[in-house]
Structures are given as structure tokens and as C-alpha cells.
Amino acid sequence: MNTSNIHIMKFYEKLSTIGFLRNSYVFKFLFVAFIGIHIPLIGILFFVLYAKANFTTMSLLVFSLIMTLIATVVTLLVLKKLIQPIELASKALNDYKLKRIVTDLPVHFTDEAGLLMSNIHNSILESETFINEKQNLIYLLSHDLKTFAGNPQSLATMILDTNPSEKVKELAELICESTKEQFRYIENFIKMLKEQDEMLKASLEVKTIDLENIFHIVENQLMQYATAKKIQFVENLELKSVELVINEELLVRVIYNLISNAVKFSFADSAVEVQSYEDDKYIYIKVIDQGIGFDTNDGQRIFDKFTKMSRLGTMEEASTGIGMYLCKQIIERNNGMLIASSEGKNQGAIFTIIFQKKKV
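Residues numbered from 1 in each chain as written. Predicted model: local features only at pLDDT ≥ 70, side-chain atom pairs only at ≥ 80, totals over all residues. Heavy atoms only, no water.

On to the overall build of the protein chain. Counting secondary structure elements, the protein chain contains 10 helices and seven strands. Scored against the burial criterion, the 360 residues of the protein chain give a buried share of 39%. A separation of at least 24 residues holds for 70% of the contacts in the protein chain among residues at least 6 apart in sequence. When the accessible surface of the protein chain is summed, it comes to about 21300 Å², and 59% of that surface belongs to carbon and sulfur atoms. (Helix = DSSP H or I, 4+ residues; strand = E, 2+ residues; numbered from the N terminus. Buried < 20%, exposed > 50% of the residue type's maximum accessible area, 1.4 Å probe, protein only. Contact = heavy atoms within 4.5 Å. Areas by Shrake-Rupley, 256 points an atom, 1.4 Å probe, with all protein chains shown as cover.)

Okay, here's the thing in C-alpha cells:
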């Protein structure tokens, strides 16, 4: 157990050294409550024994009320300290769930709270070990799959080098194209795993994020692609910077994917518009295109992992169905929402990121 946890658990640890309280969390509560209840009675006894002989009934009543109030406050403060093991266990579980932080919990206490901390600590360690082993195995299998997938490509390339007939050449080229698609699928799968891991480990701190700069960076990266399709970028930024609890690099990835996706599915000679604005409660970031859109009922399916809605772009660009899934995961991991909407096929699409405003 680290030093900060030792300080937090000091009172609980002292009670655990008392023999009849060591193995029972309930007895610890009852013991504190018993002492707290009897503080007023002890105070009254001392008042009666040592006060002047002519004390009045009113003075005794006032003293009793004061002692009861003091005893209640002290008892509640002590009980608050006594529930710190539960709070610590809850925080450790929440930190691991949201940020993949492994907290060093104490495992030597023998009462119910101690067993809870021990079980949570061991479960987190087992989960972390399992996740790491699974990821290592997946990376190893992915590497081997790429090796196996490369063998048909090598053979097909050798066939193409022998000047085969048109029919054989066509089949060899299909093998090469199929192999490239397998490589791309495996690489996207590995990318998804790595980005999910980064999402879990990203620190959640309030940061001032320059939206205007992010849009400029992303648009510059995609300018050549957009120019090839004769697509213009339009900015309508009421908010140029915002305070958000999100890793800026992850937000850049989301916005890049949304704008890139908008360009992919936009028709030539159209525009992709980016907006940012706020109301009393929320911050909105929108990417609007004039492309192929989708059925109004398919707004949620777009974010499914490896969705069957994966379609070719307007210039036959391929799509794996991973990008939108990762975008939604990143935004929701940072307490936001990502919503897709469209008025129908060939009616364009709107992707909206929504964050709750930071409370002042």
C-alpha cells in the first residue's frame, strides 16, 4: 500500500489492531456508534458530580443538548473516516475502469472491508494481466497472419513476372489485390486495439483546446485529397477555443476522421462545413457534408464495430467500418456524445460532437 493510502486509512488501521474489532467491519461501526451514544451520558454524569449544588434543570437541559450535538458531530466525522476503505476501493475500481490506472490497495485486513479491497485489488491485477496477455497474443497472431497472407502475394508476383496469359494474369492480380485488402484489414485491427488502449490511459484533465488551430491542421492534411475531388472546406466557428476534459491528440484524431469521412462520401464540386458553437449547457462541434448520406434509421449503425454499412466513397475509396466506431468510443470515454444524422440517401450527413460545458 502506498503512503497516501496509509494516511487515508490511518483510523481504520488503528481500529483493526483492537482484538475484538479486527475481523468485523460491522463491529467497528457498532463500537464507534456505542461510544458516540454514550458521550452525552458521560458528560451529564460529570456535570452532575462536579457542578455546583444549586444547578438548575434548565442548565442541565442546555448542557445535555450541547453534549448531544457535539457527540453527533464527532460520531459522524469518525464514521466518515471509517468508510474510507469503501471509498478507496470504489475509487480504485473507477480509476481502472475509466483510465486503466492500477491502484495499490491494501490486502492484509481481515474484515469485510479488507476482503473487499483485497478482492478488488486481485481482480484488477488479474484483469490487467489478462488484457496484456490477450493483446500480446493478438499482436503475435496478427504478425503471423501478415506473414501467411504475404505468401500468396509473393507467388502471384512471381507468376506475373513470367508473362502469363491474360486469364492467369487477371487471376494473379486478383490474388495480389485480395492480399493487400487482408493486410489493410489486419493493420486497421491492430490500430483499433492500440487506440482503445490509448483511450483508457489518457489523462482526464481540463484543458484549453484551440479548435480553430485543430481545424486548420486537419484541413491542411486533407487539402490535397479534397482538391482532387473539387471539395471546399467551409468554417463557421463561433467558438475558436474551448475548455474540455479530453486529450487533445485524441480529439484531433476524431475530427480528422470525421472530416476525412465527409470528404470520402461527398460528391464532387461540393463543400464540407465545420461548425463550433455553444448554448447554456453544451458545446457543439459539427462536420456537415453534401454527400451520399444514409437512411434516417441508420444513424446508430454507422458507429457499429466493423459495420456492414461500410461503403465505397464517391471515388471508390474503401472503408473498413472501424474509424467511426473508434471516434464514438473516444468521445464517450471523455463524457461526450457523437451523433450521426441524415435526411436520406444523397442528402448529405451531419456528425455532431456534444460536450457538457465545464461548470464554473
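On we go from here.
What follows is about unusual backbone geometry. The phi torsion at N335 lies on the positive side, around 60 degrees, for a residue other than glycine. Within the secondary structure layout, N335 lies in the loop between α10 (323-333) and β6 (336-341). Positive phi is not limited to glycine here, since N346 has a value of about 65 degrees. Structurally, the position occupied by N346 is in the loop between β6 and β7 (349-356).

Throughout the structure, instances matching the rule amount to six salt bridges. Note that K80 and E87 form a salt bridge whose closest N and O atoms lie 3.2 Å from each other. The exposure class assigned to K80 is partly exposed, which follows from its relative accessible area of 44%. (Salt bridge = Lys/Arg side-chain N within 4 Å of Asp/Glu carboxyl O.)

Summarising the element assignment, L93 is placed in helix α5 (residues 84-99). Judged by its relative accessible area of 45%, L93 is partly exposed. Once the C-alpha coordinates of L93 and T103 are considered, the two residues, 10 residues apart in sequence, prove to be 8.4 Å apart. If we ignore the near neighbours within four places in the chain, the residues touching L93 are I120 and I124.

We now examine the environment of K97. Positionally, K97 belongs in helix α5. The spatial distance from the C-alpha of K97 to the C-alpha of I124 is 9.4 Å, given a sequence separation of 27 residues.

So, about the packing of aromatic side chains. When we look at a pair of aromatic rings, we describe it by the centre distance and by the angle of the planes. Within this structure, the stated rule accounts for seven aromatic pairs. Centroid distance Y282 to Y284: 6.4 Å. Interplanar angle 65 degrees. Geometry classified as edge-to-face. Residue classification places Y282 among the partly exposed residues on the basis of a relative accessible area of 29%. Among the aromatic residues, those joined into a ring-pair cluster are Y12, Y25, F29 and F109. Here K328 stacks its cationic end above the ring of F303, 4.9 Å away from the centre of that ring. (Phe/Tyr/Trp six-rings, centres within 6.5 Å; stacked < 30°, edge-to-face > 60°. Lys NZ or Arg CZ within 6 Å of the ring centre and 35° of its normal.)

A cluster of nonpolar side chains, contributed by M58, L61, V62, L65, I66, I70 and V74, occupies part of the molecular surface with about 630 Å² of accessible area. When you line up the elements, L61 lands in helix α4 (residues 57-82). (Patch = residues over 30% accessible without salt bridge, like charges linked within 9 Å, V, L, I, M, F, W, Y side chains within 5 Å.)

Taken together, the five strands give an open sheet; going across it, the order is β2-β4-β5-β7-β6, and neighbouring strands pair in mixed fashion. What marks the edges here is a single partner per strand, and that holds for β2 (232-237) and β6. Direction aside, the axes of adjacent strands within the sheet are offset by 10 degrees on average. Two elements, strand β4 (residues 271-278) and strand β5 (residues 282-289), share six bridges in a ladder whose sense is antiparallel. Counterpart to Y277 in the pairing with β5 is Y284. This element, helix α8 (residues 211-228), spans β2, β4 and β5 of the sheet and lies at about 170 degrees to β2. Across the face of the sheet, α10 comes into contact with β6 and β7 while running at roughly 145 degrees to β6. (Pairing = 2+ DSSP bridges. Axes fitted to C-alpha atoms, helices over the stretch in contact; angles between N-to-C directions.)

Looking now at the packing of α8 against helix α9 (residues 248-264). α9 packs onto α8 with a crossing angle of 40 degrees between their chain directions and a minimal axis gap of 10 Å. Here α8 is positioned oblique relative to α9, judged by the angle of their axes. Considering the relative orientation of α8 and α9, their crossing is right-handed. Note on element contacts: α9 touches α8 through E248, L251, V252, I255, Y256, I259, S260, V263 and K264, opposite L211, I214, F215, V218, Q221, L222, Y225 and A226. Among the residues making up the contact of α8 with α9, the classes are represented as 13 nonpolar, two polar and two charged. (Parallel < 35°, antiparallel > 145°, perpendicular 65-115°, else oblique. Left-handed = near helix turned anticlockwise from the far one by under 90°. Nonpolar A, V, L, I, M, F, W, Y, C, P; charged D, E, K, R; others polar.)

The next point concerns the side chain of D111. For D111, the location among the structural elements is in the loop between α5 and α6 (112-160). At a separation of 2.5 Å, a polar atom in the side chain of D111 contacts the side chain of Y12. There is a polar contact of 2.8 Å between the side chain of D111 and the backbone nitrogen of G114. Beyond its immediate sequence surroundings of up to four residues, D111 is in contact with Y12, R22, N23, S24, Y25 and K28. (Polar contact = N/O pair within 3.5 Å; in protein donor to acceptor, adjacent residues only side chain to side chain.)

The next point concerns the packing of α9 against α10. Orientation of α9 relative to α10, taken along the N-to-C sense of each, is 145 degrees, at an axis distance of 10 Å. With respect to the hand of their crossing, α9 and α10 are arranged in left-handed fashion. The residues of α10 that touch α9, namely those facing L250, L251, V254, N257, L258 and N261, are G323, M324, C327, I330 and I331. Along the lines of polarity and charge, the residues of the contact of α9 with α10 split into eight nonpolar, three polar and no charged.

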